[in-house]
Amino acid sequence: MTGMTHHFLKMNGLGNDFVVLDLRREPLALTDALARAIADREKGIGCDQLITIEEPRHGGDAFMGIRNQDGGTVEACGNAARCIGKLILDETGKDAVVIETLGGDTVATRADGGNITVDMGAPRLRWDEIPLSEEFQDTRGIELEIGPLGNPIMHSPGVVNVGNPHAVFFVEDADAIDLERSGPMLEHHPLFPERANISVAQVLSPTHLKLRTWERGVGLTRACGTAACAATVAAIRRRKTEREITVSLPGGDLTVEWREADNHIYMTGPVMLDYEGELDPALLSGAAA
């Protein structure tokens, strides 16, 4: 790759930021090391996730590949799905496009105010679908707690898979929880064989959640779309909210609906193109070395 470069877009959804590479037009041998180098905020471009647009694999409009900051491949990213959805909607001129991911197909459509809605599909709720390392009949609240015995800081998270695994703790004050400390420990807890995204959710009203997330392979994030979806499902299952709500994240608000008619989760929110450029050839050759 020495001497070569590659066009990229820098995009974000509520501050959850991405470097987007279109591999349909410019192929690139993307290794874990190169993904980490591009995502590095000091030496590379810097992002929460590196997103690739690839040729569809089974009849969709495009395939979306997702790598976290640590270089690891993940199955789903709701904020990225909105960003890629907008790009493919603009490119094709269609009213709806199918974005394939390892976690399943996502349908993207336009919403009011320039927002994009993505159909995140049906949540997976059985313990072996999440997956958990041991059986729990009721995944609305599993036996897991942080803090002193008998007086835990957080306990009984709802667990949901929305293309990736999530544990959602309902708390009195989401800002009071030290997620930077508890997040890494819970992400790697033995109960989660594929690790998990860890969120704390505060119910502000029957139509409003406040959410903070420690994202698997990323850390604290300004917004995690799949976490917003998982938290909505977890709240509805525990009769804490209605089926369509606002989820307020540090980066802004999303609208999430878990629709009774088809059991699918619909997430609506903004998309931003920050800038575009060319990857530094030294970055490409250095990561390949």
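All values derive from a computational prediction rather than experimental measurement. (Residues numbered from 1 in each chain as written. Predicted model: local features only at pLDDT ≥ 70, side-chain atom pairs only at ≥ 80, totals over all residues. Heavy atoms only, no water.)

What is the right way to read the environment of Pro 152 from this model?
Among the secondary structure elements, Pro 152 is positioned in the loop between strand 9 (145-146) and strand 10 (154-155). Among the residues examined, Pro 152 registers a relative accessible area of 22% and is labelled partly exposed. With 130 residues separating them in the primary sequence, Pro 152 and Ala 282 have C-alpha atoms 49 Å apart. For Pro 152, the contacting residues outside a window of four places in its chain are Glu 145, Ile 146 and Gly 147. (Helix = DSSP H or I, 4+ residues; strand = E, 2+ residues; numbered from the N terminus. Buried < 20%, exposed > 50% of the residue type's maximum accessible area, 1.4 Å probe, protein only. Contact = heavy atoms within 4.5 Å.)

Would you mind going over the packing of aromatic side chains with me for this structure?
Each aromatic ring pair is described using two quantities: the centre-to-centre distance and the angle formed by the ring planes. Here the structure, examined in full by the defined rule, presents one aromatic pair. Here Phe 8 and Tyr 275 contribute two aromatic rings whose centre-to-centre distance is 6.0 Å and whose plane-to-plane angle is 85 degrees, an arrangement assigned as edge-to-face. Residue Phe 8 is found in strand 1 (residues 7-13), and its partner Tyr 275 is found in strand 19 (residues 272-278); the two are separated by 267 residues along the sequence. Of the residues examined, Tyr 275 reaches a relative accessible area of 40% and is grouped as partly exposed. Above the ring of Phe 63, the side-chain terminus of Arg 57 is found at 3.6 Å from the ring centroid. Over the ring of Phe 170 we find Lys 240, and its NZ or CZ is 5.2 Å from the ring centre. (Phe/Tyr/Trp six-rings, centres within 6.5 Å; stacked < 30°, edge-to-face > 60°. Lys NZ or Arg CZ within 6 Å of the ring centre and 35° of its normal.)

For this particular structure, what's the right way to read the pattern of salt bridges?
Side chains that carry opposite charge are capable of pairing whenever their charged atoms lie near each other. Summed over all chains, the structure comprises 20 salt bridges. Here Asp 22 ties to Arg 24 by a salt bridge, and the two come within 2.9 Å at their closest N and O atoms. Of the charged contacts, one joins Asp 138 and Arg 140 as a salt bridge, the two residues approaching to 2.8 Å between their closest N and O atoms. Its relative accessible area of 33% is what places Asp 138 among the partly exposed residues. (Salt bridge = Lys/Arg side-chain N within 4 Å of Asp/Glu carboxyl O.)

What's the story with the side chain of Arg 212 in this structure? I'm lost.
Within the element layout of this structure, Arg 212 appears in strand 14 (residues 208-215). For the buried Arg 212, which has no salt bridge, the nearest side chain bearing the opposite charge is Asp 175, at an N-O separation of 4.2 Å. For Arg 212, the contacting residues outside a window of four places in its chain are Ala 174, Asp 175, Ile 177, Leu 179, Ile 198, Ser 199, Val 200, Leu 220 and Pro 250. (Lys, Arg positive; Asp, Glu negative; His and termini not counted.)

Hey, could you run me through unusual backbone geometry in this one?
Generally, phi is negative for residues other than glycine and the peptide bonds are trans, each holding for most cases. That bond from Ile 130 to Pro 131 is cis: its omega, -15 degrees, falls within 30 degrees of zero. Assignment of secondary structure puts Pro 131 in the loop between strand 8 (116-119) and strand 9. Backbone geometry places Leu 14, a non-glycine residue, at a positive phi of 60 degrees. Relative to the assigned elements, Leu 14 resides in the loop between strand 1 and strand 2 (16-22).

Where do I start with the pairing of strand 17 (residues 252-258) in this structure?
Regular strands show a simple pattern: their side chains alternate between the two faces of the sheet. Alignment of strand 16 (residues 244-249) against strand 17, held across six bridges, turns out to be antiparallel. If you follow Thr 246 over to strand 17, its bridge partner there is Thr 255. Connecting strand 16 to the antiparallel partner strand 17 that follows it, the hairpin turn spans two residues. With four bridges joining them, strand 17 and strand 18 (residues 265-269) adopt antiparallel strand pairing. (Pairing = 2+ DSSP bridges.)

Geometric values such as these leave the question of function open.
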